[in-house]
2 protein chains.
Amino acid sequence: MREVSEATIRRLPVYHHYLLKTKEMGIAAISSTQIASDLNLTPIQVRKDLEATGLKGKPKVGYAVSDLLGAIETFLEWNKINPAILIGAGHLGYAILGYQGFEHYGLKIAAAFDNDFAKIGKLIHGKPIYSIDSMEKYIREHKTEVGILTVPASSAQELADIMISAGIKAIWSFAPARITTSAKDVIIQHENLASSLAVLFKNINKKSL
Amino acid sequence: MREVSEATIRRLPVYHHYLLKTKEMGIAAISSTQIASDLNLTPIQVRKDLEATGLKGKPKVGYAVSDLLGAIETFLEWNKINPAILIGAGHLGYAILGYQGFEHYGLKIAAAFDNDFAKIGKLIHGKPIYSIDSMEKYIREHKTEVGILTVPASSAQELADIMISAGIKAIWSFAPARITTSAKDVIIQHENLASSLAVLFKNINKKSL
């Protein structure tokens, strides 16, 4: 199979969201030109992105909206649920625990861990908060492979090391620090707000030239 | 000037963060091969990305770390501070108000707006929280052009419309909804966690093939 670019993968959930709205409006088929116009992309880009799912639009008809929704879901494997834990129930952790819709995107946060006694033992958005000291044991017992890190920069690397030694295979980090590991089979994805800001400002400055 | 890709722009703050640490360690020059190895990229990719800043590495010496830091800062215009407001002081809003370092990346959040009387009139991380009813007037008086939207999906479009009619030119939206506008001179950038998750899971599945 052809390698699909990260940019295309990032856009597929955006198409999916848009197509859901389209379907809700009772529209059964849609052209790449229409999608491109509504999402501020070029029709060529849209056709190329959607080809990654294996589906092609038909001339003069476009894409069947339901088929395209299904093809995106299959391609992104949203039917497969990955259990995860969240480390750090601060404001960002709360916001992520309360984020509606992760389960539609293949992620189920099963538990959260924190070192604040005021939070330990409570439920936040229906998820139990456990002591950070029990994290390692939890990961081993539940064979959890995905961890979301929402802690301050100062403790990010230390906690990541413990997570990885206990068996975590993928870390989605929101901590403003760059985490590294020598483990070759572990994926670390940094959510970097500075990167998003850089894109935003470049677009603002491009516009004002 | 050659068009610089969004992927390159997203990576430049990552290089910057890495180079700051390098500089702190007392290292004056670094090769693209070393950068690539530490950041899990290819040397060709690194050289191509850094060329966007106008700086080229020297054979056998590499890049002067301080020069490269300066070139990235200039390219991303981090010296220019864009004042912004934040709409919605919920958990995500709190987390963003408390995010250390936005001012290094050209963003200064001057004020936040919310509809919760318990928050209005207070300071969060040193930023004043005003009533959402006063947002329109504030934007007009301060000629604010950048707005960060951290509200529920249900009120995102309505608030974006008010922001744009008052003069906002760029919206950075964290709301789980797709905002649209007919205003051609307004940039809307959606921060989409589903997109990040899609990339993470694709990388996990690629690894396990």
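The structure presented is a predicted model; accordingly, all values stated were derived computationally and were not measured.

### Examining the packing of helix α6 (residues 135–142) of chain B against helix α7 (residues 153–166) of chain B
Two quantities define a packed helix pair, namely the angle between the helix axes and the distance between the axes.
All names here are of chain B.
Now for step 1: As a packed pair, α6 and α7 sit with axes 9 Å apart at the nearest point and diverge in direction by 30 degrees. Regarding the angle of α6 to α7, the classification is roughly parallel. Remark: the crossing between α6 and α7 carries right-handed chirality. In contact with M135, E136, I139 and R140 of α6, α7 contributes L159, I162, M163, S165 and A166.
Now for step 2: Considered class by class, the residues forming the contact of α6 with α7 number 6 nonpolar, 1 polar and 2 charged.

### Details of the sheet that holds strand β7 (residues 146–149) of chain B
Residues and elements named next belong to chain B.
Now for step 1: Reading across the sheet, the 7 strands line up as β5-β6-β4-β3-β7-β8-β9 and stay open at both edges, with mixed pairing between neighbours. The open sheet has two edge strands with one neighbour each: β5 (123–124) and β9 (187–190).
Now for step 2: Contacts from α7 reach β3 (82–87), β7 and β8 (170–173) within the one sheet, and its direction differs from that of β7 by about 170 degrees.

### Observations concerning the interface of chain A and chain B
Now for step 1: Opposite the 51 residues of chain A that make contact, chain B presents 51 residues.
Now for step 2: Between chain A and chain B lies a buried interface of about 5200 Å² when both sides are counted; carbon and sulfur atoms form 67% of it.
Now for step 3: Summed over the shared surface of chain A and chain B, the result is 0 salt bridges.
Now for step 4: Connecting chain A to chain B are 13 residue pairs in polar contact (both at pLDDT 80 or more).
Now for step 5: Mapped onto the side of chain A that touches chain B, the elements with two or more residues apiece are α1 (6–24), α5 (91–97), β8 (170–173), β9 (187–190) and α8 (193–207) of chain A.
Now for step 6: For the side of chain A that touches chain B, the element with the most residues is α8(A), which contributes 15 residues.
Now for step 7: Here the residues of the side of chain A that touches chain B sort into 29 nonpolar, 10 polar and 12 charged.

### Considerations on the UniProt feature "DNA-binding region" (unreviewed entry) in chain A
Now for step 1: Residues given the UniProt feature "DNA-binding region" (unreviewed entry) here are residues 14–53 of chain A.
Now for step 2: Summarising residues 14–53 of chain A: 70% helix, 5% strand, and an end-to-end C-alpha distance of 14 Å.

### A word on the UniProt feature "binding site: NAD(+)" (unreviewed entry) in chain A
Now for step 1: Those places that UniProt annotates as "binding site: NAD(+)" (unreviewed entry) correspond, in this numbering, to A:G88, A:A89, A:G90, A:H91, A:L92 and A:G93.
Now for step 2: For A:H91, the position within the fold is in helix α5.
Now for step 3: Residue classification places A:H91 among the partly exposed residues on the basis of a relative accessible area of 33%.
Now for step 4: Residue contacts for A:H91: discarding those within four places in its chain leaves B:H91, B:Y94 and B:A95.
Now for step 5: Relative to the assigned elements, A:G93 resides in helix α5.

Rules used in this analysis
Residues numbered from 1 in each chain as written. Chains lettered and ligands numbered in written order. Predicted model: local features only at pLDDT ≥ 70, side-chain atom pairs only at ≥ 80, totals over all residues. Heavy atoms only, no water. Axes fitted to C-alpha atoms, helices over the stretch in contact; angles between N-to-C directions. Helix = DSSP H or I, 4+ residues; strand = E, 2+ residues; numbered from the N terminus. Parallel < 35°, antiparallel > 145°, perpendicular 65-115°, else oblique. Left-handed = near helix turned anticlockwise from the far one by under 90°. Contact = heavy atoms within 4.5 Å. Nonpolar A, V, L, I, M, F, W, Y, C, P; charged D, E, K, R; others polar. Pairing = 2+ DSSP bridges. Buried area = accessible area lost by both parts, 1.4 Å probe. Salt bridge = Lys/Arg side-chain N within 4 Å of Asp/Glu carboxyl O. Polar contact = N/O pair within 3.5 Å; in protein donor to acceptor, adjacent residues only side chain to side chain. UniProt positions renumbered as here; feature names shortened; annotations may be inferred. Buried < 20%, exposed > 50% of the residue type's maximum accessible area, 1.4 Å probe, protein only.

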